[in-house]
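# Chain and residue survey
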Amino acid sequence: MINAIIPARAGSKRIKSKNTVLLGDHPLIAYTIAACRLSKRIDRIIVSTECENIAKIAKKYGAEVPFIRPDHLSLDTSTDQGFLKHFFDNIDADKVLLMRPTSPLRNPETIDSVTDQYMKMFWRGCYTGYRSMTESNHSPYKMFQIVDETCKGFFENFKGEKDYTNLPNQSFPKSYVPNGYCDMVLQKTVREGKTTFGNKIFGATTENIVDVDNYFDLDLVRNQIETKYDFLSVHLNKLK
């Protein structure tokens, strides 16, 4: 069993009060809480927030708020390092699942499967962090970089080829994009390093999910709740 942390500050730029905006009959943050509650691997669900209203909502839906996050760790410029160190200062744990509320629609069975993979690798003691990811449709070798407002061209040479841009996609190694489905953070990495996950990361592949960043994303999520993730709504309705 493992703890989960849901970071949920009050401020948001593109969508006002994003973490509490309604998706159907329930606030956005409630869906991540529901997925965690339905997981068989998560023992405690802890919401990290500076906002009393978010704390009240989180408790209503079954999460814990054992501490209030300081305002200086809840700014637009604040990093994950800050609230994670604050979490480990207050909770006796060597690791935690990071479950961002802006990715509200998850399958609990996938959370459990990914957590099992993480724990198997964790006991080997050779990784600094664990991230869920989705295979990218575009190889980074096909991307341009811009230098001094001038298109410099493609990135590093591929296998000694100076002109590799017309090679078929199958020629390039597979690449993956972190998707925020379910990540595991180690206290040791957060304390000792300058990044959340360190430089030796174990990756678990999952289906892709919508990360809510704008109102179009909200519409996508609302549609998926009705067509694919209605079981989360059913669970939340029982808590009302």
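This is a predicted model, so every value here is computed, not measured.

## Topic: the overall build of the chain
When helices and strands are counted, the chain shows seven helices and 11 strands. Taken over the C-alpha trace, the chain has a radius of gyration of 19 Å; the compact-globule value for 240 residues is 18 Å, and the two agree within 12%. Structurally, the chain occupies a C-alpha span of about 60 × 40 × 35 Å along its principal axes. Taking as baseline every contact in the chain between residues at least 6 positions apart, the subset at least 24 positions apart corresponds to 73%. With the model as given, the accessible surface of the chain reaches about 13,100 Å², and the carbon-plus-sulfur share is 48%. Averaging the positions of the 33 positive and the 29 negative side-chain charges in the chain gives two centres separated by 3 Å.

## A word on the environment of Asp219
Within the element layout of this structure, Asp219 appears in helix α6 (residues 215-227). For Asp219, a relative accessible area of 47% puts it in the partly exposed group. C-alpha of Asp219 to C-alpha of Leu23: the two residues are 196 residues apart in sequence and 9.0 Å apart in space.

## Here's the deal with the side chain of Asn19
Inspection of the secondary structure puts Asn19 in the loop between β1 (2-7) and β2 (22-23). In this structure Asn19 comes out as buried when scored by relative accessible area, which is 9%. Excluding anything up to four places from it in sequence, Asn19 contacts Ala8, Arg9, Pro27, Leu28, Ile29, Ile54, Pro101 and Thr102.

## Comments concerning the nonpolar core
Among the nonpolar cores identified, the biggest contains 51 residues, and Val47, Leu97, Tyr118 and Met184 are the most heavily contacted of them. A per-element tally of this core places helix α1 (residues 28-38) first, with eight residues. Not counting chain neighbours up to four residues away, the residues in contact with Met184 comprise Ile2, Lys95, Val96, Leu97, Tyr118, Met119, Phe122, Gly129, Tyr130 and Phe197. Residues Ile46, Ile91, Val190 and Phe197 belong to the second largest nonpolar core, which totals 14 residues.

## What about the environment of Lys238?
Secondary-structure assignment places Lys238 in helix α7 (residues 230-239). The exposed category is assigned to Lys238, whose relative accessible area is 67%. Spatially, the C-alpha atoms of Lys238 and Tyr61 are 9.8 Å apart, while their sequence positions differ by 177 residues.

## Examining the packing of aromatic side chains
Inspection of the entire model under this criterion finds eight aromatic pairs. Between Tyr127 and Phe202, the ring centres sit 5.6 Å apart and the planes meet at 70 degrees, which makes this aromatic pair edge-to-face. A residue pair is termed long-range when its members are at least 10 positions apart, and Tyr127 in the loop between α4 (108-122) and β6 (129-135) and Phe202 in strand β11 (residues 201-205) qualify at 75 residues. Three or more aromatic residues joined by ring pairs form one cluster here, namely Tyr118, Tyr127, Tyr130 and Phe202. Against the face of Tyr127 rests Lys200, its NZ or CZ located 5.8 Å from the ring centre.

## Observations regarding the pairing of β1
Among the six residues in β1, six count as buried, and that is most of the element. Taken together, the six bridges between β1 and strand β4 (residues 42-48) define a ladder with parallel strand orientation. Across the sheet, residue Pro7 finds its bridge partner in β4, namely Ser48. In this sheet, strand β5 (residues 95-98) lies alongside β1 in parallel orientation, the contact comprising two bridges. For Ile5, the partnering residue across the bridge sits in β5 and is Leu98.

## As for the layout of surface pockets
Taken as a whole, the largest pocket holds about 640 Å³ of empty space. What lines the largest pocket is a set of 31 residues, among which Pro7, Arg9, Asn19, Arg100 and Thr102 lie closest to the centre. For the lining of the largest pocket, the elements supplying multiple residues, two or more each, are α2 (52-60) and α3 (80-90). Looking at the lining of the largest pocket residue by residue, the class counts come to 10 nonpolar, 12 polar and nine charged. When residues of the lining of the second largest pocket are assigned to their parent elements, the largest contribution, three residues, is made by helix α5 (residues 187-192). For the lining of the second largest pocket, the per-class residue count stands at five nonpolar, five polar and three charged.

## Quick word on the confidence of the model for the chain
Averaged over every residue, the pLDDT of the chain is 89; the share at 70 or more is 90%. Highest mean pLDDT in the chain belongs to β5 (98); lowest belongs to strand β8 (residues 150-154) (57).

About the thresholds
- Residues numbered from 1 in each chain as written.
- Predicted model: local features only at pLDDT ≥ 70, side-chain atom pairs only at ≥ 80, totals over all residues.
- Heavy atoms only, no water.
- Helix = DSSP H or I, 4+ residues; strand = E, 2+ residues; numbered from the N terminus.
- Rg over C-alpha atoms; globule rule 2.2 N^0.38 Å.
- Contact = heavy atoms within 4.5 Å.
- Areas by Shrake-Rupley, 256 points an atom, 1.4 Å probe, with all protein chains shown as cover.
- Lys, Arg positive; Asp, Glu negative; His and termini not counted.
- Charge placed at Lys NZ, Arg CZ, Asp CG, Glu CD.
- Buried < 20%, exposed > 50% of the residue type's maximum accessible area, 1.4 Å probe, protein only.
- Core = buried A, V, L, I, M, F, W, Y, C linked by side-chain atoms within 4.5 Å.
- Phe/Tyr/Trp six-rings, centres within 6.5 Å; stacked < 30°, edge-to-face > 60°.
- Lys NZ or Arg CZ within 6 Å of the ring centre and 35° of its normal.
- Pairing = 2+ DSSP bridges.
- 1 Å grid on protein atoms, 1.4 Å probe; cavity = no way out; pocket = protein on both sides within 12 Å on 5 of 7 lines; lining within 4 Å.
- Points joined across faces, edges and corners; volume = space filled by probe spheres on them.
- Nonpolar A, V, L, I, M, F, W, Y, C, P; charged D, E, K, R; others polar.
- pLDDT = per-residue confidence, 0-100.

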